[in-house]
Amino acid sequence: MRKEDLNLSLIVSCQPVPDGAMDGAIFVSGFARSALAAGARALRIESSTYVAAVRAAVDAPIIGIVKRDLDDSPVRITPFVVDVEALADAGADIIAFDATDRPRPATIEALLAAIKARGLLSMADCSCLDDARRALAAGVDFVGTTMSGYVSGPEPVDPDIALIAAMRQLTPYVIAEGRIRTPEQAAEAVCAGACAVVVGSAITRTEHVTSWFHDAVSAAFSQREAATLAIDIGGTKTLAALVRGTQILAEATILTSREAGPDAWLAAMAEQTSSWKGQYEQVGIAATGLIREGCWSALNPATLAIPDDYPLVAQASKLFGKPAFAVNDAQAAAWGEYRFGAGNNEDTVFLTISTGIGGGVVVNGRPLLGLAGHFGLLRAPTDGQSPLEDVVSGRWMAAKATASGHPIEAPEIFEQARRGETWAQAIIARSAARVALLCRDIQMMFAPKRIVMGGGIGLAPGYLEAVRAQLTELPHHLAPHLVAASLGPRAGIIGASDLAGRHR
Ligand SMILES: CC(=O)N[C@H](C=O)[C@@H](O)[C@H](O)[C@H](O)COP(=O)(O)O
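Residues numbered from 1 in each chain as written. Predicted model: local features only at pLDDT ≥ 70, side-chain atom pairs only at ≥ 80, totals over all residues.

- As annotated in an unreviewed UniProt entry, the chain carries the name Putative N-acetylmannosamine-6-phosphate 2-epimerase and comes from Rhizobium lusitanum.

**A word on the overall build of the chain**
Right, so step 1: Tallying secondary structure elements over the chain gives 17 helices and 20 strands in all.
Right, so step 2: Across the 504 residues of the chain, 43% fall into the buried class.
Right, so step 3: The contacts of the chain with a sequence gap of at least 6 include a subset with a gap of at least 24, amounting to 60%. (Helix = DSSP H or I, 4+ residues; strand = E, 2+ residues; numbered from the N terminus. Buried ≥ 20, exposed ≤ 12 C-beta atoms within 10 Å, placed from the backbone. Contact = placed C-beta atoms within 7 Å.)

**Overview of the sheet that holds strand β3 (residues 62-65)**
Right, so step 1: Pairing in this closed barrel of eight strands is parallel, and the strands run β1-β2-β3-β4-β5-β6-β7-β8 around the ring. If you compare each strand with its neighbour and ignore which way they point, the axes differ by 25° on average.
Right, so step 2: Here strand β1 (residues 9-14) pairs with strand β2 (residues 42-46) via four bridges, running parallel. Bridging across to β2, V12 finds its partner in L43.
Right, so step 3: Packed on one face of the sheet, helix α1 (residues 25-37) meets β1 and β2 and runs near 165° to β1. (Pairing = 2+ DSSP bridges. Axes fitted to C-alpha atoms, helices over the stretch in contact; angles between N-to-C directions.)

**Examining the site of the ligand**
Right, so step 1: Around the ligand lies a shell of 15 residues, among which S13, Y150, R179, G200 and S201 are the nearest.
Right, so step 2: Those elements that place two or more of their residues in the shell around the ligand are β8 (196-199) and α8 (201-204).
Right, so step 3: Of the residues assigned to the shell around the ligand, the class counts are seven nonpolar, six polar and two charged. (Near = placed C-beta within 6 Å. Nonpolar A, V, L, I, M, F, W, Y, C, P; charged D, E, K, R; others polar.)

**Describing the environment of D308**
Right, so step 1: Take D308: it is sitting in the loop between β14 (295-297) and α11 (312-320).
Right, so step 2: Judged by local crowding, D308 falls into the exposed class, with 9 C-beta atoms found within 10 Å.
Right, so step 3: Put simply, D308 and W296 are 12 residues apart on the chain and 6.7 Å apart in space, counted from C-alpha to C-alpha.

**A word on the sheet that holds strand β11 (residues 247-255)**
Strands belonging to one sheet form pairs held by backbone hydrogen bonds; the direction of such a pair is parallel or antiparallel.
Right, so step 1: Ordered in space as β11-β10-β9-β12-β15, the five strands form an open sheet in which the pairing is mixed. A strand with exactly one partner marks an edge of an open sheet, and here the two such strands are β11 and β15 (324-328). Shown here is a sheet whose adjacent strand axes are inclined to one another by a mean of 15°, direction ignored.
Right, so step 2: Pairing geometry for strand β9 (residues 228-233) and strand β10 (residues 237-244), over six bridges, is antiparallel. Looking at β10, one finds that T228 is bridged to V243.
Right, so step 3: Relative to β15, helix α12 (residues 329-340) is tilted by about 100°, and along the sheet it contacts β9, β12 (282-287) and β15.
Right, so step 4: Each of β9, β10, β12 and β15 touches helix α17 (residues 491-502); the most contacted strand, β12, lies at about 135° to it.

**Here's the deal with the pairing of β3**
Right, so step 1: By the alternation rule, side chains of β3 split into I62 and G64 and I63 and I65, which are all buried.
Right, so step 2: Of the pairings in the sheet, the one linking β2 to β3 comprises four bridges and is parallel in character. For L43, the partnering residue across the bridge sits in β3 and is I62.
Right, so step 3: With helix α2 (residues 48-55) bridging β2 and the parallel β3, this β-α-β connection has right-handed handedness. (Right-handed = clockwise from strand over helix to strand, strands pointing away.)

**Looking at unusual backbone geometry**
Right, so step 1: A positive phi is found at S9, a non-glycine position, where the angle reads about 55°.
Right, so step 2: With respect to the secondary-structure elements, S9 resides in strand β1.
Right, so step 3: Positioned with a positive phi, A447 is a non-glycine residue whose angle comes to about 40°.
Right, so step 4: Looking at where A447 falls in the secondary structure, it is placed in the loop between α15 (422-446) and β19 (450-454).

**With respect to the confidence of the model for the chain**
Right, so step 1: Per-residue pLDDT for the chain has a mean of 94; in total, 99% of the residues score no lower than 70.
Right, so step 2: Reported for the predicted complex are a pTM of 0.57 and an ipTM of 0.98. (pLDDT = per-residue confidence, 0-100.)

**Looking at the environment of N364**
Right, so step 1: Residue placement: N364 occurs in the loop between β17 (357-363) and β18 (366-367).
Right, so step 2: Exposure remark for N364: the 5 C-beta atoms within 10 Å place this residue in the exposed category.

**Things to note about the nonpolar core**
Right, so step 1: Formed by 80 residues in total, the largest nonpolar core has its most connected members in I285, L312, A316, A326, I413 and A496.
Right, so step 2: No other element matches the eight residues that α15 contributes to this core.
Right, so step 3: No fewer than three residues from each of domain 2 (225-339) and domain 3 (342-486) sit in this core.
Right, so step 4: Counting 60 residues, the second-largest nonpolar core is a separate cluster that includes A99, V140, Y173 and I180. (Core = buried A, V, L, I, M, F, W, Y, C linked by C-beta atoms within 7 Å. Domains from an automatic or database assignment.)

**Thoughts on the packing of helix α14 (residues 410-418) against α15**
When two helices pack together, their arrangement is given by the angle between their axes and by how far apart the axes lie.
Right, so step 1: Interhelical geometry of α14 versus α15 gives an angle of 120° and a closest axis separation of 7 Å. One finds that α14 runs oblique with respect to α15. Considering the relative orientation of α14 and α15, their crossing is left-handed. Mapping the contact onto sequence places I413, F414, Q416 and A417 in α14 and A424, Q425, I427 and I428 in α15.
Right, so step 2: Across the contact of α14 with α15, the residue classes break down as six nonpolar, two polar and no charged. (Parallel < 35°, antiparallel > 145°, perpendicular 65-115°, else oblique. Left-handed = near helix turned anticlockwise from the far one by under 90°.)

Structure, rendered in structure tokens:
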């Protein structure tokens, strides 16, 4: 074989991670055959055993090496003349050896003499231009950049393209090798003058390649899951939390000073959370009322008197110095339950039944925003005039109880019903019947996989069952699947935080 006749072009180094899962003749031969089938012209194989195994399977040129860890020399690649002999016996065409200027058991001249005596070609694995000069002077056929970056200091990340170009000034027989991980780098090596390019880890060290992807994916996840300042502005109190994923890292609650207005509410939050500054990358706001294109308006001024079209997102971004996203509180909770709670990442309609009624819809992996899901404002089936929440909610229950001579709040009504009070049971049953009708209509409109029920009334013992009981008559394919919310009062915070991360 004459070096002038060889067109090595792409050489694949098949050296599995020692003692790794792919360390075996069957894998090495498999990698070698796949590489040749896909266009590689030659192989670089470690150990006489693997050279023999691959020789039996392919005709392509093989560069053989033996790797050893010696106590008295840092030279690892083919340090002994007996290694040359074993590789030649196994069927190598080219024998590569460490050509660095370090203490070594056999001289470069001795190794070269043994290689030539067997009629084979030689490759000097160099760390620098001087190594190449000496090896060429001794009569080596090819010089490689193999050892660049591996004789001192930390291992570089990129291939040594400059060394390829410098070696090319000495000889046309330069083989680029070491840390060539992408097709672009391989092409760059050719442009720098290499007659052939060796690619190893990027093709045949599955463990290494997987760890590169793993590191990149992990870093992207940490970036994506950077903490969020989440704020849930309600009619009576505002909850703020530092959230990562579903994890609440810190939390603070302040009463919403109803008369103060949105500037003051935000300022109070900024003051309350000032010690968290620097710990979050974005702000997610869940708020009662209507939010459209970052602007906030009241739908029911009795809950919170928000001026029309208050620029909530713009103000929050300015105040907290981070990108902000805002969404209605029930829509935020719907998203939280969909992603991390009872919605199970399938089409979900969330209903919160408490002092009022709120809701949110998630279809095809997207939350419906703006006005969508404000089910409490649908017309009541009773008179077609009042909002539905006025004939269903905790407020309505308490008013009914008072009218029947029992001036108590909703939780107490549930307690009385449990004790067998028929008047209390009747109030709950009427509310539940109206919510059942709503669920039936929701099923017709969105056909969600689940309707997730939350809120103080929705989750009160027996209420969900009472709603379900009203739906048993429906044919199977029309019946909604009702489930209890699972994230509790923090669903809004968690949902707003996740949505803020997605809208950055
Ligand atoms: C320095 C040393 O011992 N290099 C060895 C030489 O055979 C191998 O470990 C490398 O995998 C080979 O050079 C190919 O390089 P890369 O796997 O970076 O494509």
